[in-house]
Structure formats: structure tokens, C-alpha cells
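As a plain string of letters, each chain reads:
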Amino acid sequence: MRKEIPIAVSFLAGASIVLGFFLNVPFFKVTASRQLLNWAVIVAAFALALGAGNLTRIHVTNAAKRGKHWPYSIILLVCLYGYLGLGLWRGASDSIYQWWFNGALVPGNSTVFSLNGFFIISAAYRTWRLRNWRAALLVGTAILVVLGRVGIGQAMWPALGPISDWIMTYPNAAGMRGIMIGAALGTISLGLRIILGIERGHLGVES
Amino acid sequence: MLNAGTAAKLVFFCLFMAVVYWGMKAVRRGVNIRTKQLPGLTAIDEAVGRATELGRPFFANIQASGPHIEDQVLASCELVRYAVQSAVRYEAPFMCVSNSPDGHPIFEEIISSAYMAAGKPELYNPNNVRFIGGFSSGTHVQIMQLMKDENIAAQLISGNLMNQTMFFAETGAALGAIQIGATKNTHQMPFLAMQCDYSLLGDDLYAAATMISRDPVRMGCLTAQETGKALALVVIVVGVVARLMGSNAVVDILRR
């Protein structure tokens, strides 16, 4: 029963969504598929509580044992439950609640996000080595696109802009769409396997 | 009866189902279906071997972009299972981190089951399966710090990857870890191709999960996947030729 019930639920939920997509039958189109999507939000909220439980267990243990970086564990727990408490007490639209989000989290996120620029340069430096003809093709194309996208490149040679646009619009977009078609078929295949109960990896058991 | 614009999709879906059925029957009859080699899949064993030699963890880093369970996270389950089974066999340290609240309990179950099935439950440490939630940079920094603290030897970065790809792959590269990247997100593929030693891109992520098992039914699905790609290619070529000849027939049929 540990496997059968989740497989039956997967079949009913998956089949309802698929039928809701194809058939103009109010039960499938509106009631079943939309309700199921609403339920998914509720289930996700419960799953989030499980995740918070895992986070709490690990960091309480770490703080209690004075493990590695234990002061950060305390900060994490204070922030997690303090912010949760603040939200429950004053509501999500409260100015103090919003201030902590907009004044602390958003700038912190932006700061860390900006590191991406340096990471990309470091990764490009390692990758752009002329090891073989394919690497040379990659480097050549990348240089054309990079120079075509910045002012200095177009100032040096005005044709770089249109060349860069052509590379992005035709060969790049065509390649990407080919990959997307393949990935979409993979998704359909996985979805079918789950709906039909062939794929059971998500139930924690070997298929 | 049918929703507008779904007739062609329904025909394609039915064809796909028919090929899945045919593929399953063929594999069950003993027809040997040739499949492509996926270096990214065989690299998992190599990565576990490296983790065993160095005595440092194999790090499965499964990312989602939202709180709901996602197809790429589900496809990653089989990769995690394969990696943990291999790690348990060689007693290599194994860690799994996920930001997917729905995915975390699944990974806990998969990993603990692998230790139980191998008869080595004493090696299972629940603290090595972590939920580091959220979809912000703070989450990424926490995972990067964990990677550095644990001094990982190998990393599997998989799932619905967004900007975090660079953070994790660069940290892994700085630690000298062997890296395998898997995603279907086209915007992250260049980064994975650049930074990872091996990759499972696009439908390879889904094919890998199937090829691990060699199960006839799943192989049938893989056959359908490949046949679908061939069919899509034919439709694209016919559509392009028709359009060049001034006909919109293929586009009109697909829009029905």
C-alpha cells in the first residue's frame, strides 16, 4: 500500500491535468486541473515545514555541540524564527516586516549576485583555450558576440553588431530550440512514466 | 470537445504513446535497442571513485526554481540514487543538498534506503542530507560555504538551474572537484558546458535516468523520445521546405 496509493494518486492527478489540457470538459478543464494546482500550493507549504524542520535539527545540533561555524547556526535560527514570528505577529504587509526584506535581504542578494560577473570571467578564462578546432570555433564565436554587444567593439568595426545579432538570432536560437524540443519530449516521457506508475524514483523506492 | 489549438498536439501525444508501447513490446521481445552513450552518466562512477580515493565527499547538489516539485528534480532522483548506491558500495562519503522543499524528503528516503539496502545503515548520517531552502543568493552562499567546509571531491549539479550554476561550479572548480552538470535549461547550458567536466544537457538528463535502469518499459520510453525527436526533425524540414515554396500548410496544421 505504501507504493500503490501514491501511484494511484499520481495517475488520477496526472491524467486529470492531461485531460484538462486537451478536452473542453468543464470538470477536467476547470474543476480538476485548477483545484489540483491549488492543492499543490498547499502541499508545498507543508513540505516547506518539513524542510524548515531539517534546517532546525541540523543547526540546533551544530550550535549545541559548538560545531563548525556554530555562531552562524544561531544567527540562522534567530532569523528564521524571528522573521516568521514577526510575519505572524504584524502581517506580511507590515512596514517593519517589509523593511527587513527590502533593506537586508534584497541588497544582500544583489551583492552576491554581482559576483556572477567575476565568476563568468574566471570560467571564460579557463574555457577559452585553443585546445582543438572546436575550442577555436567557440573562442572565435564568443569573441565576435562579446565585441558585437559592447560599444567599443562596434566602434572598432560597425559590422560586429549585426554579426553578433545574426549569430544569436539564427545559429544560437536554432540550436537552443532543438535542445528544447528534445527536452520537452524527455519531460513528456517522464510525465507518462510517472502517471502510469512506471517511474517510482520519486516515491523513494527503486523502479 | 477539444480545446482550441490542441488537435495537432493530441495527435502527436497519441503517436508518442503508440511508440512508447511499441518500444516496450520490442524490448520485451528481446530486440536490442541501441542507445547513445552518455559520458556524463559513466562519469558518476569516476566521480565516486575519486571521492573514495581522496576520502572527501561526493556532493549531490539538486536545485529547484520554486517550491513545487519539478520534472528536472524528479529526473535527478535516479542520478542521486545511482550515485549514492555507488558511494555506499565503495564507502565513499556522500552528501546531498537540495533547495526543493518537496524534493528534500524524497532525497532523504532515497539515500537512507540505499544505505539500508546495502546493509550499512551505520554509515548513514541524516545531517548529510540537507535542505538549504530558498531561491535567493543567501542560499547559494550557504551551499558554497558547505562545499568549502566539506572540501568536496566531486559534485553533481542537477535540476532546474538558474544563476546559481556559476556559484556552485566555480566553487567546485576552485576545490578541484570533478563536476557533472545536468539541466534542460538552455540559458544555463553554456555555463555547465564551460565549467563541468561532464554534462547531461537537455533530454540527456531524462535519458540518463532511463539508461541507469535498463528496464524494458523505460527503454521503450527512451525509444519514443528518440523517435519523437526524429519526427520533430522531419516536421521542421517539411515545414521549412513548404514555407520556402510559399505554403503555410504545415504551420496551419500545427496550429489546429
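The shown structure was predicted, so the numbers you read here are calculated from the model rather than taken from an experiment.

Definitions and limits used
Residues numbered from 1 in each chain as written. Chains lettered and ligands numbered in written order. Predicted model: local features only at pLDDT ≥ 70, side-chain atom pairs only at ≥ 80, totals over all residues. Helix = DSSP H or I, 4+ residues; strand = E, 2+ residues; numbered from the N terminus. Buried ≥ 20, exposed ≤ 12 C-beta atoms within 10 Å, placed from the backbone. Contact = placed C-beta atoms within 7 Å. Nonpolar A, V, L, I, M, F, W, Y, C, P; charged D, E, K, R; others polar. Expected span 1.5 Å × (residues − 1). Domains from an automatic or database assignment. Pairing = 2+ DSSP bridges. Axes fitted to C-alpha atoms, helices over the stretch in contact; angles between N-to-C directions. pLDDT = per-residue confidence, 0-100.

A.B. asks: Tell me about the overall build of chain A, residues and numbers included.
C.D. replies: Secondary structure summary: chain A contains seven helices and zero strands in total. Each helix (α) and strand (β) of chain A, taken in turn from the N terminus, gives the series α-α-α-α-α-α-α. The buried share among the 207 residues of chain A stands at 14%. For chain A, contacts bridging at least 24 residues in sequence account for 22% of all contacts bridging at least 6.

A.B. asks: Give me the lowdown on the interface of chain A and chain B, citing residues and values where you can.
C.D. replies: If you look at the interface, chain A gives 45 residues, while chain B gives 58 residues. Mapped onto the side of chain A that touches chain B, the elements with two or more residues apiece are α1 (4-22), α2 (26-64), α4 (95-127) and α7 (160-195) of chain A. Top element by residues in the side of chain A that touches chain B is α7 of chain A. It accounts for 15 residues. Looking at the side of chain A that touches chain B, its residues break down into 27 nonpolar, 16 polar and two charged.

A.B. asks: Give me the lowdown on helix α3 (residues 71-90) of chain B, citing residues and values where you can.
C.D. replies: All names here are of chain B. If you check α3, its first and last C-alpha atoms are 30 Å apart, about what 20 residues at 1.5 Å a residue would give, namely 28 Å. Counting buried positions along α3 yields 17 of 20 residues, so the element is predominantly enclosed. Of the residues flanking the end of α3, it is Glu91, one or two places downstream, whose phi is positive at about 55°.

A.B. asks: Report on the domain arrangement of chain B, specifying residues and quantitative values.
C.D. replies: Residues and elements named next belong to chain B. Entries for chain B in the domain assignment read domain 1 (7-23 + 216-255) and domain 2 (39-211). One C-alpha centre belongs to domain 1, the other to domain 2; they are set 33 Å apart. Considered class by class, the residues forming the side of domain 1 that touches domain 2 number three nonpolar, one polar and one charged.

A.B. asks: Outline the sheet that holds strand β3 (residues 129-131) of chain B, supporting the account with residue identities and numerical values.
C.D. replies: All names here are of chain B. With parallel pairing, the six strands of this open sheet are ordered in space as β3-β2-β1-β4-β5-β6. The sheet is open, and its two edges are formed by β3 and β6 (198-201), each paired on a single side. Across this sheet, the average inter-strand angle for adjacent strands is 10°, counted without regard to direction. Sheet topology note: the strand β5 (residues 178-183)/β6 ladder contains four bridges and is parallel. Within β6, the position partnered with Gly181 by the bridge is Ser199.

A.B. asks: Just give me the short version of the confidence of the model for chain A, but keep the residues and values in it.
C.D. replies: Predicted confidence across chain A gives a mean pLDDT of 88, with 97% of residues reaching 70 or more. The secondary structure element of chain A with the lowest average pLDDT is α2 of chain A, at 84, and the one with the highest is helix α3 (residues 70-90) of chain A, at 94.

A.B. asks: Can you explain the confidence of the model for chain B? Please cite residues and give values.
C.D. replies: In low-pLDDT segments, the atomic positions of the prediction should not be examined closely. On average, residues of chain B score 90 in pLDDT, and 100% of them reach the 70 mark or higher. Our summary of model confidence lists the complex with pTM equal to 0.88 and ipTM equal to 0.86.

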